Amino acid sequence: MADPAAEEHASQVSELCCECGQFHLLLDNHLYNFQDEVDDELICHICLQPLLQPMDTPCGHTYCFKCLENFMQEYNFCPMDRKKLSFQQCHKSSLLVRNLLDKLIVFCPFKAECQQTMQRCELEAHLQNRCPGFKKYKSELQRKKNPISKGKEDPPTKVETNMPKDPEVPSGGSSLVAESSAAAVVSLGTAEPGLVNPAFEETEEDLPQRTSLVAETTTIEIHREDPEEELGMRIVGGKDTPLGNIVVQEVLRDSVIAADGRIAPGDHILEVNGVNISSVTHCQAVSFLRHPGPVLHLMVLQEKGFSNKTAQQDSTSATNREVIHVTLIKRDRSEPLGIKLIRKTDEAGIFILDLLEGGLAAKNGKLSRNDRVLSINGQDLRQGTPEAAAQIIQTTESRVNFVVLRQLGVQLSDLVEDGSTSNNSSSSSSNGGSPVHHRRRLDQNHYRRKSTYQKDLPQGYVSHEKTVAIKKEPKESLGITIGGGRDNRNKLPIYVTSVQPIGCLFRDGRIKRGDVLLSINGIDLTHLNYYEAVSALKSNAASHSVVLKALEILSVNSTEPSLDIKEQGFSWSPLWITWLGLPSYLHFCQDIVLSKGNLESWGFSIVGGFEESKGNQPFFIKTIVPGTPAFRDRKLKCGDEIVAVNGVPAIGMSNSELIPMLKEQKNKVTLTVVSWPGSLV
């Protein structure tokens, strides 16, 4: 914690809590600086701090009284296992548990004047009777409240504030400060300590508008005509990763999930066909989601963004709204839809201004003027722009699946046409200034991971470099197929997708599917794009001898699902969890610059970082909140690894060190990230 006296200078209306000696909202939990890392069994998995006034649920979980009370005002289930729950069913924890918590050793928050440690239950008495720092603080506060210019002394008054100061966060991932009830709501998605929420900073001006972060659980039924057809989404996470939950990273266009339109990137998958997967490994989740069948029942947790006055007003007219699914089929990629999309002045999202006569949409007849576009081909556009919609439409081969929201009786007088963002789909495909070309240029901002950013392999991974020398006939094929390449969207290295039984490498047996190819006959393959790598392999395969260098990545704790028998529905690629074991020197990084206003939050949460029990773990993006700068930018994805913040490496930091760094960035921050493709299901 910063020096309380210095903090007080910054805000004359803020007062320290007399019980814990730190700044926090009146209704929030007290804050403490613990001497040692607290056992995870004593941590509240809503606020991720040691329990205060612990309450037990009938299902066997324990939370802080205030955390659980705030949570139950919005939800009717237990944050850990989602079982139905009411606050009246909960009761105080046993005296033994409460005594254990009260005896935890804490530092006095006034480090400059007092270096004492004591049991948590003794801190209030220490501050009131013995602490020189708190005594000095009270004297200065009293002097400011009663300046010499006043004729007589006024009785002291207690001023409540809605602006919490930044307390010092003790090292160790399990003693994080949840910044508000909004942050606590997000943390319900995981049982792992280490979730931090730079997205959810609140200021005094924010509080009347942003009350809490809204998340809803929804059960979705997916139907497949072909039971073997892949769902068409990429997932990250699992209990064997810092992410904990299974999170949707991407929804593929023209897929089963995209056609349904209800699942979006960032959704947390809680159940598959009644089986709880919120605490399974990544590979187990992949197996559940790849299981064939005509009907799939998914329970998902979906972030809806911050609730605000506008949203509350909108909800009163929900009965006049209807969600409509419309599919338009193009004869070829260049065929226009004949839709004019624009933005509103006072409402997020994009709307249909007009349907061009004779166009594909007009002939279909199911879309209407003033429909709000919620998604196209599964891509969430609730906070989107006409440019983003145009890109999706232009790059779609045939089926364009719209999900729109229709409200009766709304006039178009509040619609505005913005030359920078409006788009006429009838001409966008031939427009040289199309947003598609602009976004393609952004993909060039990748570079090899710098030596200062490099890290050791995470726990549980081993990489084995091997050299394979083979004598062969000049016309004999190597017999492998490859994937990846630095032209790939994720800038992947070249890897083996199959070893065919007709080639010399199958006979040799040392090169396996999933191996990363480093070089052939001394030619470096690690910087080549796909076609350059194919050319290099073919030209060198014509010689009598071939020397291949390859890297095999082994995960000690995870085994990939055995799907060889029914894999024809999937084009093989390594699982997301496999890429986490790739050595740093083969990583390609990207700099993502986010900008925000003074009253905005960045809009993402992170997990990971150094913990005593787990050592160094990468930082991962876990949540991206709709309607925030991170969401609107659309380059940051769930599962991305944060390598650096404004050029400062994150390796070796605990989350209590990274949180202040993110908070200090007022209007602009540069995140250096490594992005791996999620596992396809």
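Residues numbered from 1 in each chain as written. Predicted model: local features only at pLDDT ≥ 70, side-chain atom pairs only at ≥ 80, totals over all residues. Heavy atoms only, no water.

Draft legend 1. The overall build of the protein, seen in detail. When you go through the protein residue by residue, the secondary structure sums to 17 helices and 34 strands. Residue burial in the protein is summarised as follows: out of 681 residues, 54% are buried. Long-range contacts, defined as pairs at least 24 residues apart, comprise 69% of the intrachain contacts of the protein with a sequence gap of at least 6. Per element, the accessible surface of the protein, about 30600 Å² overall, is 50% carbon and sulfur. (Helix = DSSP H or I, 4+ residues; strand = E, 2+ residues; numbered from the N terminus. Buried < 20%, exposed > 50% of the residue type's maximum accessible area, 1.4 Å probe, protein only. Contact = heavy atoms within 4.5 Å. Areas by Shrake-Rupley, 256 points an atom, 1.4 Å probe, with all protein chains shown as cover.)

Draft legend 2. Quick peek at helix 2 (residues 65-72). Of all the positions in helix 2, only C67, L68, F71 and M72 are classed as buried. Projection of helix 2 onto a plane perpendicular to its axis shows the buried side chains occupying an angular sector of 120°, all on one side. The secondary structure elements touched by the buried residues of helix 2 are strand 2 (54-56) and strand 3 (62-64). (Arc of directions from axis to C-beta.)

Draft legend 3. Focus on the pattern of salt bridges. Using the criterion set out here, one finds 15 salt bridges in the structure. For R120, the salt bridge is made with D102, and the minimal N-O distance between the two is 4.0 Å. In this pair, R120 sits in the loop between strand 6 (117-119) and helix 4 (123-129) while D102 sits in helix 3 (residues 95-102), placing the two residues 18 residues apart along the sequence. The partner of E397 in a salt bridge is R333, with the nearest N and O atoms 2.6 Å apart. A residue pair is termed long-range when its members are at least 10 positions apart, and E397 in the loop between helix 11 (386-394) and strand 18 (399-407) and R333 in the loop between strand 13 (321-329) and strand 14 (339-344) qualify at 64 residues. By relative accessible area, E397 is classed as partly exposed at 44%. (Salt bridge = Lys/Arg side-chain N within 4 Å of Asp/Glu carboxyl O.)

Draft legend 4. Summary view of the sheet that holds strand 3. In spatial order, the strands read 3-2-4; together these 3 strands make up an open sheet with antiparallel pairing. Of all strands in the sheet, those with a lone pairing partner are strand 3 and strand 4 (91-92), marking the two edges. Alignment of strand 2 against strand 4, held across 2 bridges, turns out to be antiparallel. Note that in strand 4 the partner of M55 across the bridge is K92. Against the sheet, helix 2 engages strand 2 and strand 3, with an angle of about 95° to strand 3. (Pairing = 2+ DSSP bridges. Axes fitted to C-alpha atoms, helices over the stretch in contact; angles between N-to-C directions.)

Draft legend 5. Fine view of a negative patch on the surface. A surface patch of negative charge is lined by E37, D39, D40, E41 and E612. You can see E41 is positioned in the loop between strand 1 (33-34) and strand 2. A relative accessible area of 68% means that E41 is categorised as exposed. (Patch = residues over 30% accessible without salt bridge, like charges linked within 9 Å, V, L, I, M, F, W, Y side chains within 5 Å. Lys, Arg positive; Asp, Glu negative; His and termini not counted. Charge placed at Lys NZ, Arg CZ, Asp CG, Glu CD.)

Draft legend 6. Region of interest: the pairing of strand 10 (residues 268-272). For strand 10, the tally of buried residues reaches 4 of 5 residues, placing the bulk of the element in the interior. The pairing of strand 9 (residues 246-251) with strand 10 spans 2 bridges and is classified as antiparallel. Bridged to V247 within strand 10 is H268. Bridge count for strand 10 against strand 11 (residues 275-276) is 2 bridges, and the pairing is antiparallel. The partner of E271 across the bridge, within strand 11, is N276. Adjacent in sequence and paired antiparallel, strand 10 and strand 11 are bridged by 2 residues, among which N273 carries a positive phi angle near 50°.

Draft legend 7. Quick look at the nonpolar core. Counting residues in hydrophobic clusters, the biggest one holds 73 residues, and the most contacted among them are M233, I269, L289, L298, F604, L636 and L671. Apart from residues lying up to four places away in sequence, L636 is in contact with I592, F604, I621, I624, A630, L671 and V673. Listed in part, the 42 residues of the second largest apolar core include V38, C67, F71 and F110. (Core = buried A, V, L, I, M, F, W, Y, C linked by side-chain atoms within 4.5 Å.)

Draft legend 8. Inspection of the environment of T218 at higher detail. Relative to the assigned elements, T218 resides in strand 7 (residues 213-223). Here the alpha-carbon distance between T218 and Q302, two residues 84 residues apart in the chain, equals 7.5 Å. The contacts of T218, once residues within four sequence positions are left out, are L298, M299, V300 and Q302.

Draft legend 9. Geometry of the UniProt feature "domain: RING-type" (unreviewed entry) in the protein. According to UniProt, the feature "domain: RING-type" (unreviewed entry) maps to residues 44-82 in the numbering used here. A helix fraction of 21% and a strand fraction of 15% characterise residues 44-82, whose end C-alpha atoms lie 16 Å from each other. (UniProt positions renumbered as here; feature names shortened; annotations may be inferred.)

Draft legend 10. Fine view of the sheet that holds strand 1. Read from one edge of the open sheet, 3 strands run 1-5-6, paired in antiparallel fashion. Across the chains shown, the open sheet's two edge strands, defined by having one partner strand only, are strand 1 and strand 6. The pairing of strand 1 with strand 5 (residues 105-107) spans 2 bridges and is classified as antiparallel. What sits directly across from N33, in strand 5, is F107.

Draft legend 11. Layout of the environment of T396. Checked against the element boundaries, T396 lands in the loop between helix 11 and strand 18. Of the residues examined, T396 reaches a relative accessible area of 1% and is grouped as buried. The spatial distance from the C-alpha of T396 to the C-alpha of R253 is 7.4 Å, given a sequence separation of 143 residues. Contacts of T396, omitting those with residues within four sequence positions, involve R253, D254, K330, R333 and N377.

Draft legend 12. Region of the structure containing helix 11. With 8 of its 9 residues buried, helix 11 lies for the most part within the structure. For helix 11, every residue scored as buried is listed here: P386, A388, A389, A390, Q391, I392, I393 and Q394.

Draft legend 13. Molecular detail of the side chain of T526. Of note, T526 is situated in the loop between strand 26 (523-524) and helix 14 (530-541). Judged by relative accessible area, which is 8%, T526 ranks as buried. Within the structure, T526 has its side chain in polar contact with the side chain of R448 (distance 2.8 Å). Among all residues touching T526, those that are not within four sequence positions of it are R448, R486, L517, L518 and L586. (Polar contact = N/O pair within 3.5 Å; in protein donor to acceptor, adjacent residues only side chain to side chain.)

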